[in-house]
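The chain contents come next:
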Amino acid sequence: MTATFNVGSNSVNSNTTLEKAILTAIAEARLTCEQNGENSPNCAVAWDIVEELQAEKSHQEQAQKYRTSLDDYCEMHPDALECLIYDV
């Protein structure tokens with residue numbers, strides 16, 4: 001099984017893309033397990049991919065809930081003084 005999923009940073013678009021990627025990964029995992037057997041390493045890897053995609057979707061949803069007005073401002077004005085981050 002070879003699959004590549006690219007997930008963008010736009011929250012609305014990435015959620016839709018991520019949902020499609022999850023559905024595709026589920027279909028591929030079912031097919032892989034059907035062809036190689038339930039206990040095959042390929043089957044386990046296919047379901048691991050599904051799990052990772054679902055975890056990413058959950059993470060994105062959590063991150064989106066805790067956005068502040070400063071986060072929104074910094075997204076629109078990344079060079080503003082309030083938004084600069086310094087490593088000391």
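Residues numbered from 1 in each chain as written. Predicted model: local features only at pLDDT ≥ 70, side-chain atom pairs only at ≥ 80, totals over all residues. Heavy atoms only, no water.

K.L.:
Help me understand a nonpolar patch on the surface, please; the structure alone is not making it clear to me.
P.N.:
A cluster of nonpolar side chains, contributed by Leu81, Leu84, Tyr86 and Val88, occupies part of the molecular surface with about 560 Å² of accessible area. Within the element layout of this structure, tyrosine 86 appears in the segment after helix H3 (69-76). (Patch = residues over 30% accessible without salt bridge, like charges linked within 9 Å, V, L, I, M, F, W, Y side chains within 5 Å. Areas by Shrake-Rupley, 256 points an atom, 1.4 Å probe, with all protein chains shown as cover. Salt bridge = Lys/Arg side-chain N within 4 Å of Asp/Glu carboxyl O. Helix = DSSP H or I, 4+ residues; strand = E, 2+ residues; numbered from the N terminus.)

K.L.:
Would you mind showing me how to read helix H2 (residues 41-65) here?
P.N.:
One turn of an α-helix holds 3.6 residues; hence residues three or four places apart share an orientation. The end-to-end C-alpha distance of H2 is 36 Å, a good match for the 36 Å that 25 residues give at a rise of 1.5 Å each. Those residues of H2 that sit buried are Cys43, Ala46, Val50, Leu53 and Gln60. (Expected span 1.5 Å × (residues − 1). Buried < 20%, exposed > 50% of the residue type's maximum accessible area, 1.4 Å probe, protein only.)

K.L.:
For this particular structure, what's the right way to read the nonpolar core?
P.N.:
Side chains that are nonpolar tend, in soluble globular proteins, to be buried together. Leu18, Ala21, Ile22, Ala25, Ile26, Ala29, Ala46, Val50 and Leu53 together form the largest nonpolar core, which totals nine residues. Mapped by element, the contributors of at least two residues to this core are helix H1 (11-36) and H2. Per-element tally for this core: the top contributor is H1, with six residues. Leave out the neighbours within four places in its chain, and valine 50 touches Ala25, Ile26 and Ala29. (Core = buried A, V, L, I, M, F, W, Y, C linked by side-chain atoms within 4.5 Å. Contact = heavy atoms within 4.5 Å.)

K.L.:
Can you help me understand the environment of alanine 44 in this one?
P.N.:
Topologically, alanine 44 is positioned in helix H2. Distance in space between the C-alpha atoms of alanine 44 and cysteine 33 is 8.2 Å, their sequence separation being 11 residues.

K.L.:
Looking at this structure, how should I read the pattern of salt bridges?
P.N.:
Once the charged atoms of two side chains with opposite charge are near each other, the side chains can pair. For the structure on display, the rule yields one salt bridge. Two residues, lysine 57 and glutamate 19, come together in a salt bridge whose shortest N-O distance is 3.6 Å. Note that lysine 57 is positioned in helix H2 and glutamate 19 in helix H1, a separation of 38 residues in sequence. Given the relative accessible area of 21%, lysine 57 is considered partly exposed. A relative accessible area of 38% places glutamate 19 in the partly exposed class.

K.L.:
It is not clear to me how the environment of alanine 21 should be interpreted in this structure. Could you clarify?
P.N.:
Take alanine 21: it is sitting in helix H1. Residue alanine 21 is classed as buried on the basis of its relative accessible area of 7%. Measuring from C-alpha to C-alpha, the distance between alanine 21 and valine 50 comes to 8.7 Å, with 29 residues separating the pair along the chain.

K.L.:
Teacher, can you tell me more about the confidence of the model for the protein chain here?
P.N.:
Do not read the predicted coordinates in detail wherever pLDDT is low. Mean pLDDT for the protein chain: 84, with 84% of residues reaching 70 or above. Predicted confidence is poor over residues 1-11, with pLDDT under 50, and the contacts of this stretch with residues over four places away or in other chains come to 18 contacts. (pLDDT = per-residue confidence, 0-100.)

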